[in-house]
Amino acid sequence: MPFREINAKVVEATVAPGRTMYSQRGAMLAYRGEVSFTPNIQGGQGGLMSMIGRRVANEATPLMTVEGNGTVMFGHGGHHIQVINLAGDTLYVEADRLLAFDGTLQQGTMFMGSQGGVMGMVRGQVTGQGLFTTTLKGHGAVAVMAHGGVIELPITPGADIRVDPQAYVAHHGDVRNKLSAAVGWREMVGRGSGEAFQLELSGTGAVYVQASEDKL
């Protein structure tokens, strides 16, 4: 179910019979046709465990199930929107950054420490981002939100990339991440930006970085 970008802050999706999509509550701006919006008490396609994961992560972002036959325009809070098309790989993104996504995608929750070890947990504490992150896997489209626009940076073998953890939006592909200190521990007290910490990503895929460090 592809998204059509109306402008930097609005996307349009086609809703077809027999197809389901999920959106953040309050994201619908307008629609045409016979389309229904139903609160999803099970936390989306991932069901109960996905909902529990977001509760533990303090990411209990309400989702709406969108079904019917028509078109829907989505936007939220004036945030910039980035459309990401997945071709069988996994997208890692915080739940509160999800605007809307295909119901064909398999939704889950990953503990950040499983990728970044202890430093993955430190990242969550320092940046204010959750220790858990939402995963979406399969073939389909995802619309995510960010401040000030988004740039997509490729990640290739032997060409690791480092980003400010607070500017990080999402990543996909066969990618490993870990947090490293850019300065000594004593100098890091009270600091949470990329000047003190850097999120290192390696492997094959892409990372999406927002132009502003503001938290959604």
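Residues numbered from 1 in each chain as written. Predicted model: local features only at pLDDT ≥ 70, side-chain atom pairs only at ≥ 80, totals over all residues. Heavy atoms only, no water.

*Asks:* Would you explain the overall build of the protein chain in this entry?
*Replies:* The secondary structure content of the protein chain amounts to two helices and 13 strands. Contacts spanning at least 24 positions in sequence make up 80% of the contacts within the protein chain whose residues lie at least 6 apart. Summed over its atoms, the accessible surface of the protein chain is roughly 9,800 Å², and 53% of this surface lies on carbon and sulfur atoms. (Helix = DSSP H or I, 4+ residues; strand = E, 2+ residues; numbered from the N terminus. Contact = heavy atoms within 4.5 Å. Areas by Shrake-Rupley, 256 points an atom, 1.4 Å probe, with all protein chains shown as cover.)

*Asks:* Help me understand the pattern of salt bridges in this model?
*Replies:* In this structure the tally under the stated criterion is three salt bridges. Salt-bridge contacts for E200 lead to R162; the nearest nitrogen and oxygen are separated by 3.7 Å. Taken as a pair, E200 in strand β13 (residues 197-210) and R162 in strand β11 (residues 161-163) lie far apart in primary sequence, 38 residues in all. When salt bridges that share partners are traced, they join R4, E12 and R32 into one network. (Salt bridge = Lys/Arg side-chain N within 4 Å of Asp/Glu carboxyl O.)

*Asks:* What's the story with the environment of G173 in this structure? I'm lost.
*Replies:* Note that G173 resides in strand β12 (residues 168-181). Along the chain, G173 and T204 lie 31 residues apart, while their C-alpha atoms are 5.9 Å from each other. If near-sequence neighbours (up to four positions away) are discounted, G173 is found in contact with D89, T90, Y92, T204 and G205.

*Asks:* Honestly, the confidence of the model for the protein chain in this entry has me stumped. Any pointers?
*Replies:* Close reading of the predicted structure is inappropriate where its pLDDT is low. Predicted confidence across the protein chain gives a mean pLDDT of 79, with 70% of residues reaching 70 or more. A low-confidence stretch, residues 117-123 (pLDDT under 50), is modelled with 16 contacts involving residues beyond four sequence positions or located in other chains. (pLDDT = per-residue confidence, 0-100.)

*Asks:* Quick question: what am I supposed to make of the packing of aromatic side chains here?
*Replies:* In this description, a pair of aromatic rings is defined by centroid distance and the angle of the planes. Considering all chains together, one arrives at two aromatic pairs under this definition. Aromatic pair Y22 and F101: ring centres 5.5 Å apart, planes at 35 degrees, arrangement tilted. Placement of the pair is Y22 in strand β3 (residues 21-24) and F101 in strand β7 (residues 98-102), with a sequence separation of 79 residues. (Phe/Tyr/Trp six-rings, centres within 6.5 Å; stacked < 30°, edge-to-face > 60°.)

*Asks:* I keep staring at the side chain of H171 and nothing clicks. Help me out?
*Replies:* For H171, the position within the fold is in strand β12. At 2.7 Å, the side chain of H171 and the side chain of Y168 are in polar contact. (Polar contact = N/O pair within 3.5 Å; in protein donor to acceptor, adjacent residues only side chain to side chain.)

*Asks:* Sorry if this is basic, but what is going on with the pairing of strand β2 (residues 10-15) here?
*Replies:* For a regular strand, the rule is simple: side chains alternate between the two faces of the sheet. The buried count for β2 comes to five of six residues, which makes it a mostly enclosed element. Where strand β1 (residues 3-7) meets β2, four bridges bridge the pair, whose relative direction is antiparallel. Within β2, the residue paired with F3 across the bridge is A13. Counting the residues that bridge the hairpin from β1 to β2 gives two residues. Here β2 runs beside strand β5 (residues 63-74); their pairing, made up of five bridges, is antiparallel. Bridge pairing in β5 places V15 opposite G70. (Buried < 20%, exposed > 50% of the residue type's maximum accessible area, 1.4 Å probe, protein only. Pairing = 2+ DSSP bridges.)

*Asks:* I'm lost on the environment of G203 in this one. Help?
*Replies:* For G203, the position within the fold is in strand β13. Owing to a relative accessible area of 22%, G203 belongs among the partly exposed residues under this scheme. In sequence terms G203 and P154 are 49 residues apart; their C-alpha atoms lie 9.8 Å from each other. Apart from residues lying up to four places away in sequence, G203 is in contact with I155, T156, P157 and D174.

*Asks:* Whenever I open this one, the pairing of β13 confuses me. Can you help?
*Replies:* As defined by bridge partners, strand β10 (residues 150-155) adjoins β13 across six bridges and the pair is classed as antiparallel. Bridge pairing in β13 places V150 opposite Q210. Sheet topology note: the β11/β13 ladder contains three bridges and is antiparallel. Across the sheet, residue I161 finds its bridge partner in β13, namely L201.

*Asks:* Which parts of the structure should I look at to understand the environment of A8?
*Replies:* With respect to the secondary-structure elements, A8 resides in the loop between β1 and β2. Relative accessible area serves as the criterion here: at 40%, A8 is assigned to the partly exposed category. The spatial distance from the C-alpha of A8 to the C-alpha of I81 is 6.0 Å, given a sequence separation of 73 residues. Residues within four places of A8 in sequence aside, it is in contact with H79, H80 and I81.

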